[in-house]
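As a plain string of letters, each chain reads:
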Amino acid sequence: LEQFKKLTELDPNYGEAYAGLIIAYASMQRWEDVVEQAGRGLQVAPQNSQFIEMKILGLSQLGRDPETLELYDQLIDLDPTNLRVHLKKGVCLVKIGLFNEAIRQWDRVLTLDPGNVEAMQQKDTTLGLKKQHDEVVQEFSQRAENNPKSAEAHFQKGFVLANALGKPQEALAEFDKAIKIDPKNGTYYAKKGEVLLVLSRFEEALAEVNKAIDVNPKELTFLEAKGAVLLGLNRETDALQIFDELIERDPKTISYHIHKSSIYIKKELYEELLRETKHALEKDPSNKTLNEYRALGFSRLKRFEDALDLCDTLLQLNPKDVQTLLNKADMLSFLGRPTESLTVVDLAIKHDPGNSIIYRQKAKTLNSMGRHEEALALCQQSLHLCKNDPYGHLEIGRAFFGLGQLDLALAASAHAVATHGNIPEAFLLCAKILKVQGRTAEALQAAEMACKIDQHDKEGQEILS
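Cut-offs applied
- Residues numbered from 1 in each chain as written.
- Predicted model: local features only at pLDDT ≥ 70, side-chain atom pairs only at ≥ 80, totals over all residues.
- Heavy atoms only, no water.
- Helix = DSSP H or I, 4+ residues; strand = E, 2+ residues; numbered from the N terminus.
- Rg over C-alpha atoms; globule rule 2.2 N^0.38 Å.
- Buried < 20%, exposed > 50% of the residue type's maximum accessible area, 1.4 Å probe, protein only.
- Contact = heavy atoms within 4.5 Å.
- Areas by Shrake-Rupley, 256 points an atom, 1.4 Å probe, with all protein chains shown as cover.
- Lys, Arg positive; Asp, Glu negative; His and termini not counted.
- Charge placed at Lys NZ, Arg CZ, Asp CG, Glu CD.
- Polar contact = N/O pair within 3.5 Å; in protein donor to acceptor, adjacent residues only side chain to side chain.
- Core = buried A, V, L, I, M, F, W, Y, C linked by side-chain atoms within 4.5 Å.

(A) Local environment of the overall build of the protein. Scanning the protein from terminus to terminus reveals 27 helices and 0 strands. Relative to a compact globule of 465 residues, whose C-alpha radius of gyration would be 23 Å, the protein shows 25 Å and is just as compact. Here the C-alpha coordinates of the protein stretch approximately 85 × 55 × 45 Å along the principal axes. A total of 465 residues make up the protein; the buried ones form 47% of that total. Sequence-distant contacts, at least 24 apart, represent 48% of the contacts inside the protein between residues at least 6 apart. Carbon and sulfur atoms make up 50% of the accessible area of the protein, which amounts to about 23200 Å² in all. In the protein, which carries 57 positive and 69 negative side-chain charges, the distance between the mean positions of the two groups comes to 2 Å.

Given below as structure tokens:
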């Protein structure tokens, strides 16, 4: 992080530095920072699809799905025939309650691919959901019209607008009407604060939840809302105090533990994360988020057997979870069990055949097994789906190195370095190739860079020695 921050300070137009920050923050699940850096990257390269997709991911993780729609449109403008993006936009539209637009989106997919089964199924599901929500919205709108002095009617209408239809601005107007009629109802302020939080209007959100707490200091949901807003403002220490207080007052509510765990992840306090998740999972052993956080902690602390066990627990909850399958494959590779890792990756491909990361991960495992020609073919498939993936070029470099084609290996690894200058493995591969070519001084420079990025890089230290 510090290296890439320095690069952005030296050259604010160096797009690869923002890409490095985004990947680092995403690996730490610091989604606010992912969104911020993706936005800065897009100022430098407005048509960079990776920046757009990472901003979408960050916003989605933060529950800010309405803000992703414009970004999906940008991706579609870049490649109007990309079915994966069209389908993801449709799912997003359903999630935020824009059913008419979602139905039109499924129709666009079916125009591009008339036999697309997923689009057909999604359209049928959306039609059913639309009918249910239309009836609810009509009912509360009618109540508000029939009784304009009813604070509760305006609140319920605002609630539906915010939660079912994804119309936060209209919802805020209804909440204001409710507050004007009944200014002593803390729930109205709190819900308004939640909507402002989704819109990233953090200071306004904090003011509203403070009003809710002033009205009813004993209501724990208001205090929880304040903790969430403080996280949005990057005031982790203050938020941690809030969630500690909530857990002390109500130790059984799991969401408090989840919030507290997310703070430990952001602050890279992994031992504390493991203690917190262990305590919380005693109350809710099957909680997916807590198990994922705990697996992350084990992985960061290199306790791979423990992380593997948790991956298996998560896959019992959802056997088709692609990210968990990839995490499991990683753990198996770290533990020296590549054949089992390949089996797991193949399962992931079956569930998400358009995901470039899966093919690249399989190529990495094949390279570790010496099956370089197979790895090379998979890398080409991965880069066809995502041509600027530096890790895909790294695996191509490893494959060519294993096949003894040193010039091609060096070109691929140099491409990875040029695309993303903070991958120690790419510098390390350059060092190995240069050493074999007898270019000792350059090999030492590359090894020094690998060790500078990762001070615990044993292979780089061996080359230096």
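(B) Structural detail: the environment of Ser413. When you line up the elements, Ser413 lands in helix α24 (residues 406-419). In this structure Ser413 comes out as buried when scored by relative accessible area, which is 0%. Separated by 13 residues in sequence, Ser413 and Ala426 place their C-alpha atoms 5.5 Å apart. Non-local contacts of Ser413, meaning those with residues more than four positions away in its chain, are made with His393, Gly397, Ala426, Leu429, Cys430 and Ile433. A distance of 3.1 Å separates a polar side-chain atom of Ser413 from the backbone oxygen of Leu410.

(C) Fine view of the nonpolar core. Among the nonpolar cores identified, the biggest contains 51 residues, and Ala348, Ile358, Leu394, Ile396 and Ala426 are the most heavily contacted of them. Counting residues per element, this core draws most heavily on helix α25 (residues 424-436), which supplies 8 residues. Leave out the neighbours within four places in its chain, and Ala348 touches Val322, Leu325, Leu326 and Ile358. Ala190, Leu206, Ile265 and Leu296 belong to the second largest nonpolar core, which has 46 residues in total.

(D) Region of interest: unusual backbone geometry. Here Asn234, not a glycine, exhibits a phi torsion of approximately 60°, which is positive. Considering the arrangement of structural elements, one finds Asn234 in the loop between α13 (220-232) and α14 (236-249). Despite not being glycine, Glu268 has its phi angle at roughly 60°, a positive value. Inspection of the secondary structure assignment puts Glu268 in the loop between α15 (254-266) and α16 (270-281). Overall, the relative accessible area of 43% leaves Glu268 in the partly exposed class.

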